[in-house]
Amino acid sequence: MPLASGTRLGPYEITAPIGKGGMGEVYRARDTKLGRDIAIKVLPEELAADAERVARFEREAKLLASLNHPNIAGIYGFESNALVLELVEGPTLADRIAQGAIPIDEALPIAKQIAQALEAGHEAGVVHRDLKPANVKVKNDGTVKVLDYGLAKALEGDTTSGVNTELSQSPTLTRQGTLVGVILGTAPYMSPEQAKGKRVDKRADVWAFGAVLYEMLTGKHAFAGGDVSETLAHVLTKEPDWESLPPETPGALRQVLRACLAKDAKRRVRDIADVRLAIEGAFETEVESKPSIPNGVDWRPYLLGALAGALFAGATGIVVWRLEPEPPRPVSRVTISLPGDIGSNGRYLVALSPDGSRLVYPGDARLYVRAMDQRDVTPVPGTEGAEVPFFSPDGEWVGFWASGELKKVALGGGGVAVSVCAAERPAGARWEADGTMVFGQTSGIFRVSANGGMAEVFVATDGTGKIAHGPQVLPGGKGVLFTLGDGANWDDAQVVIHSLETGERKVVIERGRDARYVASGHLLYVLDGTLMAVPFDVDRLEVTGGPVPMAEGVRVALANSAAAYFSVSDTGALVYAESIGIASPRTLVWVGRDTREEALAATPRAYFYPSISPDGSRVALALNDQESDIWMFDFARETLTRFTFHPQLDNAPIWTPDGRQIVFHSHEAREGSVFVKSALGTGQAARLTKGARHQIPLSLSPDGTSLLIEERDDSELLDVSLVAFPEGGDPRPLLHSKFNETDATFAPDGRFFAFASDESGRYEIYVRPFPNIEDGSWQISRDGGRNPRWARNGRELFYESTDGKLMSVPVQIGDDFTFGNPETVIATPYFGNYDISPDGERFLRVKEVEAPTTELVVVLNWVEELKRLVPSSNRVSRVDVGDASLDCDDHLSSRIRFQSLPHSAGSRDTDRSTSDLIASARSWLSKRDCTSHASFGPPA
């Protein structure tokens, strides 16, 4: 939680925030004892909550405090999980570089002071591990201060395995939630051994110093790519562009830079002191070394060579092609632990931007974005209640669905969400290159301009009752790809191509969900939790090979959505959420008013929706696991018995007042309806309600004649409706407005009911009389609330606050309804719903065995693996220059260079030369599994 101005941490008083980074929030503060300004760095919550790691950090901090050097920002102390640091004024080196390359006579004094700081740290046995321009301050008098010295190692803690198994994704990775906050480096400054996840020593700082000095002299990164994967690949395989160094760069300095940036640590300068001496000119000679051609680039002319100049010396408009094979970029896997759970029951998705630089995902009822070269995850303003995120083609906007509308928001645009069109919750959505959005609905696929307007039917589902999920217009505009299913079992859905030319629809994959086409010439889909790939001919709209498994354990949505949680960028990176085995295991516990827990002897399962019988002997509850049915737990016998055997998802059980029947929700096909069944478990369930609206039972009146249910209308807003019981039939609206209203529950005497509504902008608890609901309305909660429950004696109304606390409000039901102030009963949050024992003294809660997290696996350069395992013969790219063209399989991994040759008048007969060129090109390409077509017209 951010610290407000005036907050005291021991003798230090917070005065203003400075910034937030991967290692904590930083504030300006006043040392009231010594009367000086200092900086306070509040450590990440994940670290502060771990006593063992805090103790380990304190031990590391004592060592760091011993680094007393004029070029190292000092550590003054450790107070309340916060570091007390020297306050360094002035811009960072990154700010200075942003203005352009730094002249050598200005850069070398800065570099010398950085080297002196590293030298002092290394002599004390401390490696910085995260040296970069943003961690260097340059004061107005020219003094350099290196910040965050050694904090990366301190935050990481002990590594005893000898190898750091976390391949770094810039700048931070976590593993299993146990190393949250580990700082491993920032991609453009990471040594190859860091990028490979190996143990590092002071030579990693030497590498980072070389990268920083290169950037100072040239104004650009030594290793840069369009995204993190390319940057890491360049760190491992490429050389800096040495030609970019200023011509006046001394030869000795060039040699030092090369020695600092040697990829093999054994060939790298071992001691930063030697680098400092070189900067001071100790090794300067009269010999000037010449910049060499970058290593790793093959300049051999495969097709023409020297012969091309002789053949085409006088031609005009003819193009010389040089194909320069690039080495395949290394495929690497990293894992990111996201706090909380992105959900399994809805249409939530992870989304990578087309360039792979950003990741967006839903959580905590909003969207979050993470730049893939940064650690920090930030909420996207204006996305409250957002689902189904998807990127614009340029990666600058995110589309999403919320509150019955398709919307978009600019990343970095101030957090103002713009409405695009009204829509039901979409079954997948995509922002196409032509500026339109396509999205699935229960009635077909719709299309709308991303600038807003009326959505129109793009592809109808012909009234079959099936849902078209994840529509994607294929390259060339010939067809639309989507997954077609009835909502019952999405693994049994079909992957379909709808031709936009003929209207013909054909099944290309018989079983699978959430299909996508990727530019490598493949279809991806998920079957039984495994990501599958097949080669696909986008011209003929047909699969050209068999499926190959690419990744196991991919998490999917449950029951009501075909969504699989994976995304592929145009640059070839893959991200997917790991499966959690359908749902996290949970236990059932009694929690008393004194907060003491008593665990029930029930095997940990994915419990939710507990509902205690009127006599208190049993609890009906739903299991959100492989069975997805309702079960019964007997408190005395300690037995768990299955109650429903429906092939669909059953949940939300409630008891009739006499305890003889159970009313519950069942997902029948795509309709969520209400059923009733004998509490003995015998006989068949009878359907109470019908209709396309999703319906969930909430509460039965004490006399057993009125059933409150939740319904979703066409805009996906939540309403409360009334159904006659036990007759059933068509529901009658009770609470129907432009707001969400749900969680309705009858008071013990049936004269009032409580419910949750977001009419104030967030959910609060209200009470109204029944059946004359217009005779009064009282807001019971103060700071948000959901899930109201009445004590059976009618004297208390419980609810859960926004932060998960169980609250109690005293109430009195007489001629009038009166109530008091909310008070906290249990401060500890638990999972999902709850119920109350008949005596009102204990609360049946569902407890997570482990804190919910989402593990995201990021595979950098994954497309290289895809093309290797699933070869595609598609011609997926075409290059045209004048009258020349070449079609080539993308997996060639080659660049095609074009060079126009000078023209001499009268030299126009080039047919034979062209023929020779085409033959040579085809011969070369055929050896590389590439289909080619080349043609030359007469020169212009």
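Everything in this summary refers to the structure shown in the same document. Within any chain, residue numbers begin from 1 and follow the written order of that chain's sequence. Owing to the predicted nature of the model, reporting of local features is limited to residues with pLDDT of at least 70; listing and counting of side-chain atom pairs is limited to 80 or more, with chain, interface and lining totals taken over all residues. Hydrogens and water are ignored here; the side-chain numbers use all heavy atoms of the structure.

1. Some thoughts on the overall build of the chain
Each helix is a run of DSSP H or I of at least 4 residues and each strand a run of E of at least 2, with the numbering of both proceeding from the N terminus. When helices and strands are counted, the chain shows 13 helices and 64 strands. Only heavy atoms matter for contacts: two residues are in contact if any of them lie within 4.5 Å across the pair. Once local pairs closer than 6 in sequence are excluded, the contacts in the chain between residues at least 24 apart make up 50%. Shrake-Rupley sampling with a 1.4 Å probe provides the accessible areas, and residues are treated as covered by the protein chains on show and by no other component. Working note: accessible area of the chain is about 40100 Å², and carbon and sulfur atoms make up 48% of it.

2. Re the pattern of salt bridges
Every case where a carboxyl oxygen of Asp or Glu lies within 4 Å of a side-chain nitrogen of Lys or Arg is listed as a salt bridge. Applying the stated rule across the entire model yields 37 salt bridges. Between R36 and D31 there is a salt bridge, and its shortest N-O distance comes to 3.8 Å. Of the residues examined, D31 reaches a relative accessible area of 3% and is grouped as buried. Taking the shortest distance from any N to any O, the salt bridge between K407 and E405 comes out at 4.0 Å. Each residue is assigned to one of three classes by its accessible area relative to the maximum for its type, calculated with a 1.4 Å probe on protein chains only: buried under 20%, partly exposed between the two thresholds, exposed over 50%.

3. Some remarks on helix α10 (residues 272-279)
Counting along an α-helix, one turn takes 3.6 residues, and residues three or four places apart therefore face a common direction. Within α10, six of the eight residues are buried, leaving the element largely enclosed by the surrounding structure. Considered for burial, the residues of α10 that qualify are I272, A273, V275, R276, A278 and I279. Here the buried face of α10 lies against α4 (104-123), α7 (202-218) and α9 (251-260). The opening residue of α10, the one whose side-chain oxygen lies 2.9 Å from the backbone nitrogen of A273, is D271. Identification of polar contacts relies on pairs of N or O atoms within 3.5 Å, with a donor-acceptor requirement for protein atoms, meaning one able to donate a hydrogen and the other able to accept it, and with residues adjacent in sequence counted only if both atoms are side-chain atoms.

4. Regarding the nonpolar core
Grouped together as the largest cluster of nonpolar side chains are 57 residues, with contacts concentrated most on L93, I114, L131, F209 and M216. Apart from residues no more than four positions distant in its own chain, L93 is found in contact with I102, I110, I114, P133, V136, V138, V212 and M216. In this description, a nonpolar core means a group of buried Ala, Val, Leu, Ile, Met, Phe, Trp, Tyr and Cys residues linked to one another through side-chain atoms lying within 4.5 Å.

5. Here we look at the sheet that holds strand β52 (residues 764-769)
Only strands that DSSP links by at least two bridges are regarded as paired with each other. Taken together, four strands build an open sheet; the order of strands is β50-β51-β52-β53 and the sheet is antiparallel. Looking along the sheet, the strands with just one partner apiece sit at the ends: β50 (741-746) and β53 (778-779). Across two bridges, β52 lies against β53 in antiparallel orientation. When the bridges of β53 are listed, Y766 appears paired with Q779.

6. Quick look at the packing of aromatic side chains
Working definition: rings of Phe, Tyr and Trp (its six-membered ring) pair if their centres are within 6.5 Å, and the pair is stacked with planes under 30 degrees apart, edge-to-face with planes over 60 apart, and tilted otherwise. Taken as a whole and assessed by the stated rule, the structure comprises 19 aromatic pairs. Ring geometry for F439 and F446: centres 6.1 Å apart, planes at 20°, overall stacked. Like F446, F439 is buried. Arranged with centres 6.0 Å apart and planes meeting at 65°, the rings of Y517 and F536 form a pair that is edge-to-face. One end of the pair, Y517, is in strand β29 (residues 513-518); the other, F536, is in strand β31 (residues 530-537), and 19 residues separate them in sequence. Here Y517 and F536 have matching classes, each one buried. Each residue in the set F746, F753, F755, Y766 and F770 is aromatic and connected to the rest through ring pairs, giving one cluster.

7. What about unusual backbone geometry?
Cis geometry marks the peptide bond from F725 to P726, where omega comes out at 10°. Along the chain, F770 connects to P771 via a cis peptide bond; the corresponding omega equals 5°. In this structure, P771 sits in the loop between β52 and β53. You will see that V388, though not glycine, has its phi angle at about 55°, which is positive.

8. Focus on the environment of I612
With respect to the helices and strands, the residue I612 is situated in strand β38 (residues 607-612). For I612, a relative accessible area of 4% translates into the label buried. In sequence terms I612 and S837 are 225 residues apart; their C-alpha atoms lie 7.3 Å from each other. Residues within four places of I612 in sequence aside, it is in contact with W590, R618, V619, F635, W655, R792, D835, I836, S837 and L844.

9. Section: the pairing of strand β26 (residues 479-485)
Of all seven residues making up β26, seven are buried, and the element is well covered by its neighbours. By the alternation rule, side chains of β26 split into G479, L481, T483 and G485 and V480, F482 and L484, which are all buried. What sits between the antiparallel neighbours strand β25 (residues 467-473) and β26 is a turn of five residues, in which G476 has the positive phi angle 90°. As defined by bridge partners, β26 adjoins strand β27 (residues 494-499) across six bridges and the pair is classed as antiparallel. Each bridged residue has a counterpart across the sheet, and for V480 the counterpart in β27 is H498.

10. Side note on the sheet that holds strand β21 (residues 429-431)
In space, the four strands of this open sheet follow the order β21-β22-β23-β24, with antiparallel pairing throughout. The sheet is open, and its two edges are formed by β21 and β24 (456-460), each paired on a single side. Direction aside, the axes of adjacent strands within the sheet are offset by 20° on average. Here strand β23 (residues 444-449) runs beside β24; their pairing, made up of four bridges, is antiparallel. Paired with F446 across the strands is V457, a residue of β24. Only C-alpha atoms enter the line fits that serve as axes; for helices the fit covers just the stretch in contact. Angles between N-to-C directions range over 0 to 180 degrees.

11. Digging into the side chain of H498
Its place among the elements puts H498 in strand β27. Look at H498 and you get buried, because its relative accessible area is 13%. Once you skip the residues sitting within four places of it in the chain, H498 turns out to touch V459, K478, G479, V480, F482, G503, E504 and R505.

12. Some points on the packing of α4 against α10
The geometry of α4 relative to α10 is characterised by a closest axis approach of 9 Å and an angle of 155° between their N-to-C directions. On the basis of their axis angle, the class for α4 and α10 is roughly antiparallel. Two packed elements cross with a definite hand, and for α4 against α10 that hand is left-handed. Between α4 and α10, the contacting residues are L108, A111, K112, A115, Q116, L118, E119 and H122 on the first element and I272, A273, R276 and I279 on the second. Oblique is the label for every angle not falling under 35 degrees (roughly parallel), over 145 degrees (roughly antiparallel), or within 65 to 115 degrees (roughly perpendicular). Put simply, a crossing is left-handed when the front helix is turned counterclockwise from the back one by less than a right angle, and right-handed when it is turned clockwise.

13. Some points on the packing of α7 against α9
Orientation of α7 relative to α9, taken along the N-to-C sense of each, is 135°, at an axis distance of 8 Å. With respect to each other, α7 and α9 are oriented oblique. Crossing of α7 over α9 shows left-handed handedness. For the pair α7 and α9, the contacting residues are V206, W207, F209, G210, L213, Y214 and L217 in the first and L253, L257 and C260 in the second.

14. Regarding α9
For α9, the buried fraction is high: seven of the ten residues fall into the buried class. Looking at α9, one finds that the buried residues are G251, A252, L253, R254, V256, L257 and C260. Considering only its buried residues, α9 is in contact with α4, α7 and α10.

15. Points about the environment of T530
With respect to the helices and strands, T530 occurs in strand β31. For T530 and A564, which are 34 residues apart along the polypeptide, the C-alpha to C-alpha distance reads 9.8 Å. For T530, the residues in contact, after removing those within four places along its chain, are Y525, P549, A551 and E552.

16. Some words on the environment of A94
Here A94 shows up in helix α3 (residues 93-97). The class for A94 is partly exposed, based on a relative accessible area of 28%. Here the alpha-carbon distance between A94 and G219, two residues 125 residues apart in the chain, equals 9.9 Å. Filtering out sequence-adjacent residues up to four positions away, A94 remains in contact with P133 and A134.

17. Considerations on the side chain of S569
You can see S569 is positioned in the loop between β34 (566-568) and β35 (574-577). Under the relative-accessibility criterion, S569 is labelled buried at 5%. Each residue touching S569, except ones within four places of it in the same chain, is listed here: L352, S353, P354, D355 and G356.

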